[in-house]
Amino acid sequence: MPVLVYIESENKMFKKAALEVASYGRAVANTLNTSLSAVVFNTEDCSQLADYGVDKVLTVNHSNGFNAKVYADVIAQAALKESANVIVLSSSADSRYLAPILAVGLKAGYVPNVVELPKTQPFSVKRTAFSNKAFCETQITTEVKIIGLSNNAFGLIEHPTSLQSEAFSPQITSSDISVEKVDKATDKVSIADAETVVSAGRGLKGPENWNMIEELADVLGAATACSKPVSDLGWRPHSEHVGQTGKPVASNLYIAIGISGAIQHLAGINSSKVKVVINTDPEAPFFKAADYGIVGDAFEVVPKLIEKLKTFKAQNS
Amino acid sequence: MKILVCISHVPDTTSKINFTNDNTAFDTNGVQFVINPNDEFGLTRAMWFKEKQNATVDVVNVGGPETESTLRKALAIGADAAFRINTTPTDGYAVAKELSKVAVDGNYDLIIAGRESIDYNGGMVPGMMAAELGASFVNNCISLEIDGTNATAVREIDGGKETLSSTLPLVIGGQKGLVEESDLKIPNMRGIMMARKKPLTVLEPAQQQTCTSSVKFEKPAPKGAIKMVDADNIDELIDLLHNEAKVI
Ligand SMILES: Cc1cc2nc3c(=O)[nH]c(=O)nc-3n(C[C@H](O)[C@H](O)[C@H](O)COP(=O)(O)OP(=O)(O)OC[C@H]3O[C@@H](n4cnc5c(N)ncnc54)[C@H](O)[C@@H]3O)c2cc1C
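Within each chain, residues carry numbers counting from 1 in the order of the written sequence. To read the labels, note that chains go from A and ligands from 1, taken in the order they are written. Totals for whole chains, interfaces and linings use every residue, but because this is a predicted model, local features are given only for residues with pLDDT of at least 70 and side-chain atom pairs only at 80 or more, for both listing and counting. No hydrogens and no water enter the side-chain calculation; it runs on all heavy atoms of the structure.

### Some points on the packing of aromatic side chains
All names here are of chain A.
So, step 1. Aromatic contacts are taken between Phe, Tyr and Trp rings whose centres are within 6.5 Å, Trp giving its six-membered ring; a plane angle under 30 degrees counts as stacked, one over 60 as edge-to-face, and the others as tilted. For the coordinates displayed, the defined rule picks out 16 aromatic pairs over all chains.
So, step 2. Between Tyr6 and Phe41, the ring centres sit 6.0 Å apart and the planes meet at 90 degrees, which makes this aromatic pair edge-to-face. Of this pair, Tyr6 sits in strand 1 (residues 3-7) while Phe41 sits in strand 4 (residues 36-41), and the two are 35 residues apart along the sequence. In this pair, the class of Tyr6 matches that of Phe41, namely buried. Helix numbering and strand numbering both begin at the N terminus, where a helix is a DSSP run of H or I of at least 4 residues and a strand a DSSP run of E of at least 2. Using a 1.4 Å probe on the protein chains alone, a residue whose accessible area is under 20% of its type maximum counts as buried, one over 50% counts as exposed, and one in between counts as partly exposed.

Now the structure itself:
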């Protein structure tokens, strides 16, 4: 009974989070002494999956784009076809959308925000809870088990395989929802997919001062984010609000500029690996939660940081 | 239009999180409980439908008697009636099953839940309810308009948003954007007085069916000390990020 992973792609390229799901799925398959199958939509060239431990890929052509119910139904059919009883998904907005529907369809237990490999006998996983203020070991008691893997929790692990590919033509159910319009910035990395996030708070004084934040993000190939009051004041769009009541951040590098580090802010960004804080106030609570800190005025430090990083990038590329 | 808003009773965002019974249970000692923030945005949007489109708005929670204060607050904000399903929530599926039963029995057109509750962050109850009910479903919903039986909703996606259309019945997983922070209402005295007279019906749970169980909690390991870098020595920061942390 193989492990099944749902591999997401965008413009026919696999997302990093998807390759992380493959790496994790491989490790689960090894623990359970079984093979790893994947289901992929609308992507012809799947050869990259052979680098991350996938033994068999089912390719599905579905020209209508993402639809949670339809995709959940296709993944359920793939699971039945493969007799898979462990299914692994990412933490993307789409995966979180379809996972509960998939769980009901397969009568499976679903645990999101998982950060480690499962233990077996009994089968349990470790997930974050209370907005990253704790971990919770959770048993999955159903026969079929669905794991939602936290971004950046496991990393990419290469594992070459001889990948088999098979065209899969499941029954496609009709949908009760239609997409009217998609607005997506194509030139910007999203907070969910970003390796680095540059985030700024009320210390920036006003929306007109965000140029340097965007430039810093640009130099680092980072996504931009902000604290809650900044989005409530309309300085930045709500989609940039991170924290307990906004988006979670689990990037490799999180740079916080002019953010005090309130408990609700920290809860949402704590899973980031390395945190840098730039703040004029040496008593700002963020300094207790960060790895590197600079006490200084953002309006002086950030322009210098941009210049130095440009030089660094020029020397290291 | 009949709207059901699912209300999760969660620790206030400033709560210190601790565990008891050998780390197997959440320690509620000294913890303030509130309406789950994502649910409050949904409830406030429901109030808009009540005012502008004559909707009736009921609220429901799965939980013990201690959650009634949270339901009363929802009534004080303006909901018409409340239901409490008298059982301790154990896993997302069990909660979704209980809520679905209330939704079917009350024949609701629109079911508003939060994208996730800030205690267990499961984010599965709305989707599971939609699947149980065979209703349409929009997650991460940041805008919702209803015209007759047609719904137009906007969903936040990674790096953007998507506008969707469907028909009722509809389940949403809502969040900020449904209304703005400044639209949230603090109940006034009149609302609080009226809430005391509104019906709060206690229902007994159906057969509990769970798929997962939380067995043990643990707090993150304490953080190592921060390294401070002088504001005039940005080169050192770049060196640390490159050679020590290896993130650039
Ligand atoms: C229910 C609830 C949920 C919440 N959820 C969230 C959430 O999800 N995310 C979130 O972010 N917040 C959340 N909050 C709000 C949170 O409590 C804080 O109010 C908020 O995070 C503060 O934002 P800030 O750090 O940008 O602003 P402030 O707290 O005002 O901090 C600004 C910081 O900038 C520094 N500063 C000022 N000038 C400069 C300068 N020139 N250079 C460098 N630094 C400077 C100051 O020293 C200060 O530390 C929530 C609050 C509640 C009640």
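Back to the text.
### Considering the domain arrangement of chain A
All names here are of chain A.
So, step 1. When the domains of chain A are assigned, the result is domain 1 (3-176) and domain 2 (196-315).
So, step 2. Here a residue-residue contact requires only that any non-hydrogen atoms of the pair lie within 4.5 Å. Contacts between the two partners involve five residues from domain 1 and, on the opposite side, ten residues from domain 2.
So, step 3. When two components associate, each loses some accessible surface as probed by a 1.4 Å sphere; the sum of these losses over both components is called the buried area. Across the domain 1 to domain 2 interface the summed buried area is about 650 Å²; carbon plus sulfur atoms make up 35%.
So, step 4. The definition of a polar contact used here is a pair of N or O atoms within 3.5 Å, where within protein one atom must be able to donate a hydrogen and the other to accept one, and adjacent residues in sequence count solely through side-chain atom pairs. Seen at the junction of domain 1 and domain 2, the total is five residue pairs in polar contact (both at pLDDT 80 or more).
So, step 5. Its residues placed into classes, the side of domain 1 that touches domain 2 shows no nonpolar, four polar and one charged. Note that the domain bounds were set by an automatic or database domain assignment. Polar here means any residue other than Ala, Val, Leu, Ile, Met, Phe, Trp, Tyr, Cys and Pro, which are nonpolar, and Asp, Glu, Lys and Arg, which are charged; Gly is therefore polar.

### Some thoughts on the interface of chain B and chain A
So, step 1. On the chain A side, the residues contacting the 74 residues of chain B number 82 residues.
So, step 2. Both sides together, the interface formed by chain B and chain A hides about 6,700 Å², and carbon and sulfur atoms give 59% of it.
So, step 3. Three residues stand out in chain B for area buried against chain A, namely Asp158, Lys176 and Lys223 of chain B, and they jointly supply 10% of the buried area on that side.
So, step 4. We define a salt bridge as a side-chain nitrogen of Lys or Arg found within 4 Å of a carboxyl oxygen belonging to Asp or Glu. At the junction of chain B and chain A, the tally comes to eight salt bridges.
So, step 5. One salt bridge connects Lys304 of chain A with Asp232 of chain B, and the closest N-O pair in it is separated by 3.4 Å.
So, step 6. The interface formed by chain B and chain A holds 42 residue pairs in polar contact (both at pLDDT 80 or more) in total.
So, step 7. Looking at the side of chain B that touches chain A, the elements that each hand over two or more residues are helix 4 (125-133), strand 9 (136-147), strand 10 (150-157), strand 11 (160-167), strand 14 (212-218), strand 15 (227-228) and helix 6 (234-244) of chain B.
So, step 8. Partitioned by chemical class, the residues of the side of chain B that touches chain A number 33 nonpolar, 22 polar and 19 charged.

### Details of unusual backbone geometry
So, step 1. The residue after Gln121 of chain A, namely Pro122 of chain A, is reached through a cis peptide bond having omega -10 degrees.
So, step 2. Position of Pro122 of chain A relative to the elements: it lies in the loop between strand 7 (109-114) and strand 8 (124-129).
So, step 3. Residue Pro169 of chain B is reached from Leu168 of chain B by a cis peptide bond, and omega for that bond is 0 degrees.
So, step 4. Among the structural elements, Pro169 of chain B can be located in the loop between strand 11 and strand 12 (170-174).
So, step 5. Residues other than glycine seldom take positive phi values, yet Lys205 of chain A does so here, at roughly 75 degrees.

### Focus on the nonpolar core
So, step 1. By size, the foremost hydrophobic cluster in this structure holds 90 residues, and its most contacted members are Ile87 and Leu98 of chain A together with Leu43 and Leu144 of chain B.
So, step 2. If you tally residues by element for this core, the top one is helix 2 (residues 68-82) of chain A, at nine residues.
So, step 3. Setting aside residues no more than four positions away along its own chain, Leu144 of chain B makes contact with Arg45, Phe49, Leu110, Ala151, Thr152, Ala153, Leu170, Ile172 and Leu178 of chain B.
So, step 4. In this text, buried Ala, Val, Leu, Ile, Met, Phe, Trp, Tyr and Cys residues form a nonpolar core when linked through side-chain atoms within 4.5 Å. Listed in part, the 38 residues of the second largest apolar core include Val198 and Cys226 of chain A together with Leu240 and Leu241 of chain B.

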